[in-house]
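For reference, the chains in residue letters:
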Amino acid sequence: MSESRIAAASSLGVVATLRRGVQISPQITDGLWLTLAFAVVAAGGRVVVPVAVQRTIDDGILASQGPDAGRVALFTVLAAGAIVVAGLCSAMVNVRMFRSTEAGLAALRVRAFRHVHDLSTLSQGTERRGALVSRVTSDVDTISLFVQSGGIMLLVSSLQVLVATALMAVYSWQLTIVVWLCFVPLFLVLRRAQRHVNAAYTTVRARIGAMLGAISEAVVGAETVRAYGVARRTRRRVDASIEATRSSQARAQVLVASVFSGGVLVANLVLAVVVVVGTLLGVGGGLTAGQVVAFLFLVQLFTGPVQMATEILNELQNAVAGWRRVLAVVETPLDVVDAPDGVVSPRGPAAVSLRGVRYAYPDGPEVLHGIDLDLPARTKVAVVGRTGSGKTTIAKLVTRLMDPTEGRVLLDGVDLRDVRLESLRRRVVLVPQEGFLLDATVGENVAYGLREPAAGGAADAAEQVAAAVDALGLADWVADLPAGLDTPVGQRGEALSAGERQLVAIARAYIAEPDLLVLDEATSAVDPATEVRIARALDSLTSGRSTLTIAHRLSTAEASDLVVVVDDGHVAEVGTHTELVAAGGVYARMHASWVAQTR
Amino acid sequence: MTAGPADATLTGSRLRRSATLMWRGMRSEPRLYVLAVAASALFGAATVAVSRAVGWATDAVVVPAIGGDADARARIWQAGLVLAAVAVTLAVSVAGRRIWAGLGFAAIQAHHRRGVTRQYLRLPMSWHRAHPTGQLLSNASADVEAATGVFNPLPFALGVVVMIGVATAMLLAIDVWLAAAALVVIPAAVVVNVVFQRYMTPAATRAQQLRAEVADVAHESFEGALLVKSLGTADREEARFADRADALRAANVRVGVVRAFFDPAIELLPSLGTLVVLGVGAWRASTGAVDTGDVVTAAYLLTVMAVPVRAFGWVLGELPRALVGYERISRVLDARGELPVGDAALPRAGAGLAVRLAGVGVDVPASGRTATLLDDVDLEVAPGSTVAVVGATGAGKTTLVSLLARLSDPTRGRVLLDGVDVRDLAAGEIPAQVALVAQQTFVFEDTVRANVTLADPDGGTGPGDGAGDGAGASAARVPTDDEVWAALRVARVDDVVRALPGGLDAPLGERGANLSGGQRQRLAIARALVRRPRLLVLDDATSAVDPRVESEILAELRSARTAGDARSTTVVMVAYRMSSVSLADAVVHLGSGRVVDVGTHAELLDRDPGYRALATAYEQETARRERELADERAAGEDVPTPWDATAGATEEEAR
């Protein structure tokens, strides 16, 4: 099942990455032709100065009848007009490129974000959450940064080289060839060097990812770090990752600097070549002095982009690396697929069946060995069993957080894989042991479960939340909170105790009005009196609904219509509480020891 | 090194803050920046030399040679060599500048990151709770990058100052008018930059803020991925994210548009300057004041200066972002509130700690008013005894026990360990004496062994090492593997570990994702036990553990004491299971932040009705249900089978 993992980066080459990237974010190429037209004009503006220099020298200063300042003034005014127009075109290129790429990148961000949510919990679990966040933030930022700082320059620069070459050829094709012969080897060397630079930047990015992981431990694990006085150990780990990042950055920088200065060397040696060869050609009568000097200026137009290109290509590598990492997310196959032609499961009492269900976690041993089970509609079912017996796996399969490796899970007789996920999630809601709370108020967290949040406005939502809290018998608890329903829960709900977080999670699921409520030890941290109150409230309120409760407090099993005992991946016993106690099997023993604990 | 928090926040005018920001950064890596700036200065001089060499070659070689001067023809190769020599100098200076600037940049980033993370480790829990994780991570990544972006082009820009100085001197030596024509570009560039800054600063601030918001939304949403999935709210999450992503897009475009006009404008200046030079040069040449080569020198200089002068633009362009980023970092660096420590020490071995709470109250700010979580708590726990804290969900149990590990200090009253106020204890004393197992276990991405010992493998053992953070001093001795196994066995998690590939060396994934909730809790208990604390605080630390296993663990903790072990530990535990509670020597019943009653389980059952309701909830519920069933039977109804159970139950409830 290794395909369910999120790859560190897509394996596409540079061109393929760009092509795939543009394919996913077509907005990037919106209006590209007009942008290119502006870019051509902008690039044309770059050769105005060399031409002006040539005319000034040949027709102005070295004019046969002596220096002619008036003529030069005319050239310069015309040239100034031309470069201002070119400058405006350049601005237009920038604006248009920013608009289109940012639109494309925003779409890419959202698409990758959505894909992460569409991945199964298993795939999500293979990647650090912090690293996933960086795929939709800093990795996309890298691309944006490249466009802003380098991409446009790359475009204008390549055109500039073309225009400069054309003008050079008008002056002297021989000297143009000489100049090209100097730059071609440089290009070849740069291409090779680029590979090393590329590898160096890949290392930098990987180290930054690891560093953020280490830093997040210091932040998320803040309480443990304090309770155990392990600040120094944590600091050492964080420092090591920071240093690893720094040294990889340094290495990359040395490499890039060497490559770049090699470019500078060649570009300036070309000046010497032009002076020598150009003058020799001039002596032979092929070039005027003004044209030789103009060549020196044109070579600058040429060398600028080549030098810059090494730089920009580095940034391009960075951007491509970032792009690959985002694409890897988007292209991770979904292992819990929403069938495109799936059926919409109609609301109403929900019956669930498991037929020969087996499950093995990726690269792990099988944890369910052929489960057959019928959970009739309108029934309260309790699943009990020892830790590690496979109870939670059943809950995850019934809610289709994952699919069985073998066998089928049926909702009202339809295989879950054939049910549209949206309708499944509407009908079946899971409350896990550690329910995640948003950094908002208690009321807002409960309201998150409302199916049509915008339906009746905030006031209506608040009313429904209050009604749910009352119905679940939690009004007293809410009244004791510092600010009632308006009490902020803190990040991940840390301002509340584990039991309180569970209360919020249950109210949130309750308000979502599912047909089947799956509670996976959802009241494990709640005090007995409150738990009993909630259980009774759910009893009276879930009429017409089914509940599937994974529990190790057998009070839940006592109150259920049906008890399923799971042992080592098999169903050991099924029956009512009374029947199973009378049968004197596994359940009877579990119950006896439970009674002993509670009395 | 900023060992202790210094005032990082920049003050004064924008100019002053910018200058301080750059100066502080360079001063933190003096050697690298002296080298980088020196190389850059050499680069500046070499650039001017290129233009002079080109001008000289024009006058002394190109024009006369093409004009027919034989001497000049002989000098063609000489001109080539001079230009080649300048080229080599230039390339070497560029390499030096970039390497040292790059090293400095990376070093400053690392410096900021260390500073920020040290604060994360130093600041109290109250501070952490007030700051979203996404924001703190962004402080260490995006904000550090923003704050340091300016250091990449900075040495370059400083070298350009040298270049301008040399160029000015050279041009003035040629001709005042020509110099004036060439140098008019510089004040013009300053004006363009000032205008740019005015537009760029707010745009950059907003983009940076939105980047953090996008990260916040992504972080929370991904952390809550299971919730999103189980409620099927991916559409809603997508809309929430798309809204922020679109705001960021608009902000980035705004930044882009400002840049879009600035970049061509700043590029235009040298070109226009060149044209002015040509015009003025032609006039000066016509009066015989200058030669063609002089005009070429001045014009060429502007051409080669075009890119370097933009280094100012890069610095100025990065500055607004840098100031914003640095300001966000400074807020972390300057945050105060570290819990003050004293210098009292407690014996490390011996009997359990005596714990006393005297008039303890805890208030927290809540929506503009003050909420009282604990009030008037007086409590005494005898050394070596086991005390259970019982109360309804939300009664303040966690707040109470977290005071014992000094995760925070009470608003009123005192917490005393062995009679010493926790605020008077030296740094590292409490972690050495007290082990707290929280409701939620944090697992480090490390091996099982490292997660249990939490030892610092490279840690210096010398006293005073890392005294600044105060919390490391307790790492006195790394437990042996035997001790680790013993702790794992007491916590009933040794079999789990033995089954892992690698045993103690098995890596635990991020947040211990490859363990179940109960296994993580038991691992956390082992982590506490291996430290042989004198006070063990269990905050509902076995909620996900099988009841039987829980009883076994608690019984084992107790047997150590009944066996007369001299190291008997004081245990304070938050618990719900009566089997666990009845093992306690005393029970504290907490209600709405106050102590309702203290006594043995039996005593409280006898005299505290609230406690009785809590403790016998299951029994009463069972009895109620049995009564109902009996009533149903009496009424002649069938006992409902599961298959049609709800029909009966609904009627029952409806009555």
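Remember, it's a predicted structure, so these values are computed and weren't measured experimentally. (Residues numbered from 1 in each chain as written. Chains lettered and ligands numbered in written order. Predicted model: local features only at pLDDT ≥ 70, side-chain atom pairs only at ≥ 80, totals over all residues. Heavy atoms only, no water.)

Enquirer: Would you mind going over the pattern of salt bridges in detail, with residue names and values included?
Expert: Inspection of every chain in the model, using the stated rule, returns 48 salt bridges over all chains. Among the ionic pairs, D446(B) bridges to R233(A), the shortest N-O distance being 3.0 Å. Here the residue D446(B) occupies a position in the loop between β6 (434–437) and α16 (448–453), and R233(A) occupies one in helix α10 (residues 231–283), the pair thus bridging two chains. As a salt-bridge pair, D143(B) and R328(B) come within 2.9 Å of each other at their nearest N and O atoms. A residue pair is termed long-range when its members are at least 10 positions apart, and D143(B) in helix α7 (residues 142–148) and R328(B) in helix α13 (residues 292–333) qualify at 185 residues. Given a relative accessible area of 0%, D143(B) falls into the buried group. Counted as one network, the salt bridges with shared partners bring together R114(A), D118(A), D235(B) and E238(B). (Salt bridge = Lys/Arg side-chain N within 4 Å of Asp/Glu carboxyl O. Helix = DSSP H or I, 4+ residues; strand = E, 2+ residues; numbered from the N terminus. Buried < 20%, exposed > 50% of the residue type's maximum accessible area, 1.4 Å probe, protein only.)

Enquirer: Give me the lowdown on the domain arrangement of chain B, citing residues and values where you can.
Expert: In terms of domains, chain B is made up of domain 1 (14–333), domain 2 (355–615) and domain 3 (618–654). Here the C-alpha centre of domain 2 of chain B lies 55 Å away from the C-alpha centre of domain 1 of chain B. (Domains from an automatic or database assignment.)

Enquirer: Please provide a residue-by-residue account of the sheet that holds strand β9 (residues 562–567) of chain A, values included.
Expert: All names here are of chain A. A sheet is described by the order of its strands in space; here six strands give the open sequence β6-β7-β8-β3-β9-β10, paired in mixed fashion. On the outer flanks of this sheet lie β6 (428–431) and β10 (570–575), each paired with one strand and no other. On average, each strand axis in the sheet is tilted by 15° relative to the strand beside it, whichever way the strands run. The pairing of strand β3 (residues 380–385) with β9 spans five bridges and is classified as parallel. In the sheet register, A382 faces β9, and the bridge partner there is V563. (Pairing = 2+ DSSP bridges. Axes fitted to C-alpha atoms, helices over the stretch in contact; angles between N-to-C directions.)

Enquirer: Could you give an account of the sheet that holds strand β1 (residues 352–360) of chain A, with specific residues and numbers?
Expert: All names here are of chain A. With antiparallel pairing, the four strands of this open sheet are ordered in space as β2-β1-β4-β5. Lying at the two open borders of the sheet, with one neighbouring strand each, are β2 (366–375) and β5 (414–415). In terms of strand pairing, strand β4 (residues 406–411) meets β5 through two bridges, oriented antiparallel. Bridging across to β5, L410 finds its partner in D415.

Enquirer: A description of the packing of aromatic side chains should follow, citing residues and the corresponding values.
Expert: Centre distance and the angle of the planes are the two values used to describe a pair of aromatic rings. If you walk through the whole model with that rule in mind, you get ten aromatic pairs over all chains. Summarising the aromatic geometry, the rings of F43(B) and F156(B) are spaced 5.4 Å apart at their centres and angled 70° between planes, so their arrangement reads as edge-to-face. Of this pair, F43(B) sits in helix α2 (residues 30–67) while F156(B) sits in helix α8 (residues 154–174), and the two are 113 residues apart along the sequence. Judged by its relative accessible area of 8%, F43(B) is buried. A connected cluster of aromatic rings, assembled from ring pairs, spans F113(A), F222(B) and F241(B). (Phe/Tyr/Trp six-rings, centres within 6.5 Å; stacked < 30°, edge-to-face > 60°.)

Enquirer: Now, about the packing of α10(A) against helix α4 (residues 76–122) of chain B: what can you tell me, with residues and values included?
Expert: At a closest axis distance of 7 Å, the pairing of α10(A) and α4(B) adopts a crossing angle of 165°. Classified by the angle their axes make, α10(A) and α4(B) are roughly antiparallel. Once α10(A) is placed against α4(B), the crossing between them reads as right-handed. (Parallel < 35°, antiparallel > 145°, perpendicular 65-115°, else oblique. Left-handed = near helix turned anticlockwise from the far one by under 90°.)

Enquirer: Quick rundown of helix α1 (residues 14–24) of chain A? Include the residues and the values.
Expert: All names here are of chain A. Those residues of α1 that sit buried are T17, G21 and I24. The buried residues of α1 all sit within an arc of 65° when viewed along its axis, so they share a single face. In this structure, α1 carries V15, R19 and Q23 as exposed residues pointing more than 90 degrees from its buried face. (Arc of directions from axis to C-beta.)

Enquirer: Please provide a residue-by-residue account of the UniProt feature "transmembrane region" (unreviewed entry) in chain A, values included.
Expert: The positions UniProt marks with the feature "transmembrane region" (unreviewed entry) are residues 31–52, 72–93, 161–190, 254–277 and 283–302 of chain A. The span residues 254–277 of chain A shows a helical share of 100% and a strand share of 0%, and its end C-alpha atoms are spaced 34 Å apart. (UniProt positions renumbered as here; feature names shortened; annotations may be inferred.)

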